[in-house]
Amino acid sequence: MLNNVVIVGRLTKDPEVIETEKGNKRTFIIVAVPRPFKNIDGIYETDFIKCILWNSVAEHTCEYCKKGDVVGIKGRIQTNNFERDDKMVYVTEVVAERVTFLSDNRSKTEETEEINQ
């Protein structure tokens, strides 16, 4: 059996690290992924995929990424459910095992300094 997912899209907001009671670090991000086809009205729709990142993956993503950046995520699908107001709530999210930063956020100054060294 296999549970793998790979997505590439843009962050919908700046990621923020939260420390859990047990001392683990985590962040939730939402990745906007446009569909590769147009709907009946000729418009490309977008899926907004909730992802959870843990520990060093969460810290590095918060350090290097901001809203609008393109990221690639490799992970697995996870489902949970809980009861709220006497109704069952079902949640599906991607647990990120690896995040690849695809936007180049370095300024021209940083690029020039690297070349001159």
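Scroll up to find the structure.
Model, not experiment: these values are computed from the prediction.

A. A look at the pairing of strand 1 (residues 5-11). Where strand 1 lies against strand 5 (residues 70-84), 6 bridges are found, and the strand directions are antiparallel. The residue bridging Val8 from the neighbouring strand is Gly72, located in strand 5. With 2 bridges joining them, strand 1 and strand 3 (residues 25-38) adopt antiparallel strand pairing. Bridged to Leu11 within strand 3 is Val31.

B. Region of interest: the packing of aromatic side chains. If you walk through the whole model with that rule in mind, you get 1 aromatic pair. A ring pair is formed by Tyr64 and Phe101, whose centres lie 5.9 Å apart and whose planes are at 40 degrees; its orientation type is tilted. Of this pair, Tyr64 sits in helix 1 (residues 55-64) while Phe101 sits in strand 6 (residues 87-101), and the two are 37 residues apart along the sequence. Looking at Tyr64, the relative accessible area reads 47%, which means it is partly exposed. By relative accessible area, Phe101 is classed as partly exposed at 33%.

Here is what the cut-offs are and how they apply
Residues numbered from 1 in each chain as written. Predicted model: local features only at pLDDT ≥ 70, side-chain atom pairs only at ≥ 80, totals over all residues. Heavy atoms only, no water. Pairing = 2+ DSSP bridges. Helix = DSSP H or I, 4+ residues; strand = E, 2+ residues; numbered from the N terminus. Phe/Tyr/Trp six-rings, centres within 6.5 Å; stacked < 30°, edge-to-face > 60°. Buried < 20%, exposed > 50% of the residue type's maximum accessible area, 1.4 Å probe, protein only.

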